[in-house]
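# Structural description and commentary
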Amino acid sequence: MKHFYTLSFLFSFFIAASQNLPAPAEFLGYELGSQFTRHSQVVDYFEEISEKSAMVQLHQYGQTNERRPLIYATISSEENIQNIEKIRQNHLNNVSNTDSSTDKAIVWLSYNVHGNEASSTEAAMKTLYTLITQKQDWLKNTIVIIDPCINPDGRDRYVNWYNQVKAAPYNVDPAAAEHHEPWPGGRPNHYLFDLNRDWAWATQVETQARLKAYNAWMPHIHVDFHEQYINDPYYFAPAAEPFHEIITPFQRDFQTRIGKNNAKYFDQNGWLYFTGERFDLLYPSYGDTYPTYMGAIGMTYEQAGHGMAGLGIQTNEAAILTLKDRLEHHFTTGISTVEVASQNSDELSANFRKYFETADSRYKSYALSGNADRLQKLTELLDRHEITYSYKNSGKLSGYNYLQAGNQSGNFEKNTLVVSTNQPKGKMVKVLFEPQTKLTDSVTYDITAWSLPYAYGLNTTASTSTIQAGENANFGKISNTVNPSGVGYLSKWNSMNDAAFLAALLQQEIKVRFSETTFSSQNEQFEPGSLVILKSDNMNLPNFDEKVVSIANEHKRKLTNAATGFSTSGPDFGSSSISILNPQKVALLKGDGVSSLNFGEIWYYFEQDLQYPVTPVDTDYFSSVDLDEFDVLIMPSGRYRSLLNESNLEKISSFVKKGGNLIVLEDAIAAFEGKEGFGITKNEQAKKDSTKVELIPYAQRERESIKDMITGSIIRTKIDNTHPLAFGYPDTYFSLKLTSDSYSFLKNGNNVGVIQQPEVVSGFAGSNAIKNLKNSLVFGEQPMGRGSIIYLVDNPLFRAFWENGKLFFANAVFFTNKTGYSYN
Ligand SMILES: [Zn+2]
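Residues numbered from 1 in each chain as written. Predicted model: local features only at pLDDT ≥ 70, side-chain atom pairs only at ≥ 80, totals over all residues. Heavy atoms only, no water.

It is worth spelling out the overall build of the chain at this point. Tallying secondary structure elements over the chain gives 22 helices and 35 strands in all. Considering only C-alpha atoms, the chain reaches an extent of 80 × 60 × 60 Å along its principal axes. Evaluated residue by residue, the chain yields a buried proportion of 60% over its 824 residues. Put simply, 79% of the contacts in the chain that link residues at least 6 apart link residues at least 24 apart. Working note: accessible area of the chain is about 31,700 Å², and carbon and sulfur atoms make up 46% of it. Both charge centroids of the chain, one from 73 positive and one from 91 negative side chains, sit 4 Å from each other. (Helix = DSSP H or I, 4+ residues; strand = E, 2+ residues; numbered from the N terminus. Buried < 20%, exposed > 50% of the residue type's maximum accessible area, 1.4 Å probe, protein only. Contact = heavy atoms within 4.5 Å. Areas by Shrake-Rupley, 256 points an atom, 1.4 Å probe, with all protein chains shown as cover. Lys, Arg positive; Asp, Glu negative; His and termini not counted. Charge placed at Lys NZ, Arg CZ, Asp CG, Glu CD.)

In the case of a regular strand, side chains alternate between the two sheet surfaces. As paired strands, strand β26 (residues 586-590) and strand β27 (residues 615-618) are joined by 4 bridges and run parallel to one another. The residue bridging Ala587 from the neighbouring strand is Thr615, located in β27. What joins β26 to β27 is helix α17 (residues 596-610), and the crossover it makes is right-handed. (Pairing = 2+ DSSP bridges. Right-handed = clockwise from strand over helix to strand, strands pointing away.)

Moving on: the pairing of strand β3 (residues 105-110). The buried fraction of β3 is high, at 6 of 6 residues. Where burial is concerned, the two faces of β3 agree: the one with Ala105, Val107 and Leu109 and the one with Ile106, Trp108 and Ser110 are both buried. As paired elements, β3 and strand β4 (residues 142-147) share 6 bridges and run parallel to each other. Bridge assignment links Ser110 to a residue of β4, and that residue is Asp147. The β-α-β motif built from β3, the intervening helix α5 (residues 119-134) and the parallel element β4 has right-handed crossover chirality. Two strands pair when backbone bridges link them, and β3 and strand β5 (residues 221-228) are joined in this way by 4 bridges, in the parallel orientation. Across the sheet, the residue bridging to Trp108 is His222, located in β5.

Reading across the sheet, the 5 strands line up as β24-β19-β23-β20-β25 and stay open at both edges, with antiparallel pairing between neighbours. Bordering the open sheet on either side are β24 (560-562) and β25 (578-580), each of which pairs with just one other strand. In this sheet, neighbouring strand axes are inclined to one another by 30° on average, regardless of whether the strands run parallel or antiparallel. Here strand β19 (residues 488-491) pairs with strand β23 (residues 531-534) via 4 bridges, running antiparallel. (Axes fitted to C-alpha atoms, helices over the stretch in contact; angles between N-to-C directions.)

A few words now on the coordination of the zinc ion. Surrounding the zinc ion are the protein donor atoms His114 (ND1), Glu117 (OE), Glu117 (OE) and His226 (ND1), which sit 2.0 to 2.5 Å from the metal. Every donor counted, the 4 donor atoms about the zinc ion form angles of 56 to 159° at the centre, which fits irregular coordination. Along the chain, the residues that donate to the zinc ion are spaced as H-x2-E-x108-H. Placement of the pair is His114 in the loop between β3 and α5 and His226 in strand β5, with a sequence separation of 112 residues. By relative accessible area, which is 2% here, His114 ends up buried. (Donors = N, O, S within 2.8 Å, 3.2 Å for Na, K, Ca; no water. Tetrahedral: all angles 85-135°; square planar, octahedral: opposite > 155°, others 65-115°.)

We now examine the confidence of the model for the chain. Predicted confidence across the chain gives a mean pLDDT of 93, with 94% of residues reaching 70 or more. When the criterion is pLDDT under 50, residues 5-18 qualifies, and its contacts beyond four places in sequence or with other chains add up to 32 contacts. (pLDDT = per-residue confidence, 0-100.)

Before going further, it helps to spend a moment on the nonpolar core. Membership of the largest hydrophobic core comes to 178 residues, with the highest contact counts inside it found for Phe606, Phe672 and Phe809. By residue number, the principal contributor to this core is helix α15 (residues 496-507), which donates 8 residues. Residues in contact with Phe809, not counting those within four places in the same chain, are Ile602, Tyr605, Phe606, Ile634, Ile663, Leu665, Leu792, Pro796 and Leu797. Leu139, Ala237, Phe254 and Ala341 belong to the second-largest nonpolar core, a separate cluster that totals 50 residues. (Core = buried A, V, L, I, M, F, W, Y, C linked by side-chain atoms within 4.5 Å.)

It is worth spelling out the side chain of Gln303 at this point. Tracing the sequence through the fold places Gln303 in strand β10 (residues 297-304). Classification of Gln303 by relative accessible area gives buried; the value is 2%. Look past the residues within four positions of Gln303 in its chain and what remains in contact with it is Ser119, His226, Glu227, Gln228, Tyr234, Leu321, Arg326, His329 and His330.

Our focus in this paragraph is the packing of α15 against helix α22 (residues 806-814). Packing of α15 against α22 leaves a shortest axis separation of 9 Å and a crossing angle of 30°. Judged by the angle between their axes, α15 and α22 are roughly parallel. Once α15 is placed against α22, the crossing between them reads as left-handed. Contacts from Met496, Ala499, Leu502 and Leu506 in α15 reach Lys806, Leu807, Ala810 and Phe814 in α22. Within the contact of α15 with α22, the residues separate by chemical class into 7 nonpolar, no polar and 1 charged. (Parallel < 35°, antiparallel > 145°, perpendicular 65-115°, else oblique. Left-handed = near helix turned anticlockwise from the far one by under 90°. Nonpolar A, V, L, I, M, F, W, Y, C, P; charged D, E, K, R; others polar.)

On to the sheet that holds strand β16 (residues 406-411). Read across the open sheet, the 6 strands follow the order β14-β17-β13-β18-β15-β16; overall the sheet is antiparallel. Each edge of the open sheet carries a strand with a single partner, namely β14 (390-392) and β16. With strand direction ignored, the average angle separating the axes of adjacent strands in the sheet is 40°. Examined bridge by bridge, strand β15 (residues 396-401) and strand β18 (residues 459-463) share 2 bridges and lie antiparallel to one another. Counted as the bridge partner of Tyr400 is Ala462 from β18. Docked against the sheet, helix α12 (residues 372-384) engages β13 (365-369), β14 and β17 (416-420), running at close to 25° with respect to β17.

Any two side chains of opposite charge can pair, given that their charged atoms come close. A full pass over the atoms with the stated rule returns 33 salt bridges. The salt bridge partner of Arg68 is Glu66, with a shortest N-O separation of 2.9 Å. Residue class for Glu66 comes out partly exposed when judged on its relative accessible area of 30%. The salt bridge involving Glu245 is made with Lys430; its shortest N-O contact spans 3.2 Å. Within this pair, whereas Glu245 is found in the loop between β7 (240-243) and α8 (249-269), its partner Lys430 is found in helix α13 (residues 426-433), the two being separated by 185 residues in sequence. For Glu245, a relative accessible area of 38% corresponds to the partly exposed category. (Salt bridge = Lys/Arg side-chain N within 4 Å of Asp/Glu carboxyl O.)

Here the focus is the environment of Pro616. Turning to its location among the elements, Pro616 is positioned in strand β27. Residues Pro616 and Ala176, 440 residues apart in the sequence, show an inter-C-alpha distance of 30 Å. Apart from the residues lying within four places of it in its own chain, the contact partners of Pro616 are Leu588, Lys590, Phe599 and Tyr621.

With that out of the way, let us pick up the packing of α8 against helix α11 (residues 345-355). Running from N to C, α8 and α11 cross one another at 150°; their axes reach a closest spacing of 11 Å. Taken together, the axis directions place α8 and α11 in an arrangement best described as roughly antiparallel. For α8 against α11, the interelement crossing comes out left-handed. Packed against α8, whose contacting residues are Phe250, Gln251, Phe254 and Arg257, the element α11 presents Glu347, Leu348, Asn351 and Tyr355 at the interface. Partitioned by chemical class, the residues of the contact of α8 with α11 number 4 nonpolar, 2 polar and 2 charged.

Spelled out as structure tokens, the structure:
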């Protein structure tokens, strides 16, 4: 990897000649489309070209979880490449509204975000070669940035699998094994996250690295290349409704102009395509919407193909769809897009500048206060988007209050975080923070609510006037010291940082207690969930004090030194209400039937958020696994009908009865519905009430069906925070509801999170679906024998971005299984 340039580093040498540039086939030793190219070979090709051509610079901008390089190439005329840093700076001046000289068009082409949509990376190589050999004229006023593969881990998962199973020559029969990818498929990244849902939340390393590069360039046009099912024709812009209201008429119009240019080439070749029907521009975390909200013309291009297609497959139209065709189509739209950009660089540039002139939004500032850890977590996200913020400590505050869902006045709390739309990224601020996204249409591809104040559980006021902030925040210094004469240390329980601290203590074999009720020690109050770390529990541990203090400092946790176990009020430390936490050995189901996304979210949660070991167990050999080894068994969302035969169901029941803790999420709950002892039943009251058949015209069926749908909306949820599952939470939680599934209250269990009268605070929920949520369960605990079952009807770990849900999961793992597993 020696030939990469860093972003700030200009070229130190160039081989002047652009002769002897190898075409992809020449370099790879096979025609493009006749094989899938491994990621390392793609990198080698880009490296070779960048060494031999003065028109190409290569940058490594990051590394994947599996240590593959993330790269992009900057492609333009020799002259532009020599001035590339100046061109970039000039262009960025448009974002910050400082005066700028003429601008080049900047087109960013992103390939293969979904690893098994593998034709696009092949097209990237052809596009690179063609630009510098045949389209040099366009490059005089255009910079093209090519990221040949956003998701190298996913791509190689697909390509390596395909190469193992493919027939020689390839087999076009859809029944052939080479058209049936095994679980989890190549689409997601290492942690099985969909990178095309992660742009705004930036939870994954690929996204975090890419955003740095993206923000350093802020292109005029961004194309995200995809593939869809084998029988669909090609899709390109214009996109479908709903469009987010901040999208400008110019952005919409320019999409159409690019679409028409693409169409010209498709018509010439007799290739079919469709536009404007399916892919909407609302959810901000896609590779088309995110760039759009950052001022670009953001587009998705979809080719028929996908993990099913292989090198060739028979389609319904009795045609053979080949990799050669697929890459040719993506190559054509890529080149066509660069052509349009080059022809309209001045217009692109002028309108791009205009986009950043005004934010023009109803709310001008957002004031957020609350838990310091979650506030800081939010600022980390804002930093990734280069959104600026400041703090304010006092004064009068009024506006729309998220918790009350209405207007309210009060005073600024100390360390209130203020984020205003009056900044270059002001439109993105509006998209991410406003309480309700305006929906022009409710048939959409994804969730309709994501407002960050709800996701981070912060007390938020949206103000229609700009709040003058700019004060210093003071979150207090953490510097714990050893207290050898005391009985131990106390620590509060409010955030994921507290949970990660506990996880670290347990892994150092430190015995920890937690309080189930409020107590005061030395007149300081500790709420339920607070950790009590006692010397008497850890007599055999050398350097106990030093260890605890050092782990606390590392995790930035404030310890209270306890001089005595005699509480000022509430239970003393020897009380049964302050009991020992058992380190939990956790099994997590994966494999056929399990939602790969939900498995990935939980896997990521344990390894990256909590940093606590988890043992993935495949459904393939679940029947032979000895559950006695584990304290917790997690069943991610999924379809378990075939797994839960009589003997496996008995195995799970017996695990719980003996003291095990079973955590069941979302769709997995359906597998236990109506099963004896599991206590869970569907809530279908509202459906029973509406038995009358309505006559609906066929053409309106899609519209009508959305009445039963919830596509990701935020619903007020009542929390019983006296139950360990909800320690650290207030009595209200805003849950992101992703489906219309509704379960009744547990009759003999604990209903910890519930919806009584449904109140949708943000997003779309169909009228029938809302009715059906009345008196429904969100989070609950069903005791069974010595153990318990935790039902999480809503997924608190969704895409790892619902920060405020994460502590529920730690509570479920550590606090609800007090008895521990008994070996009998
Ligand atoms: Zn895709």
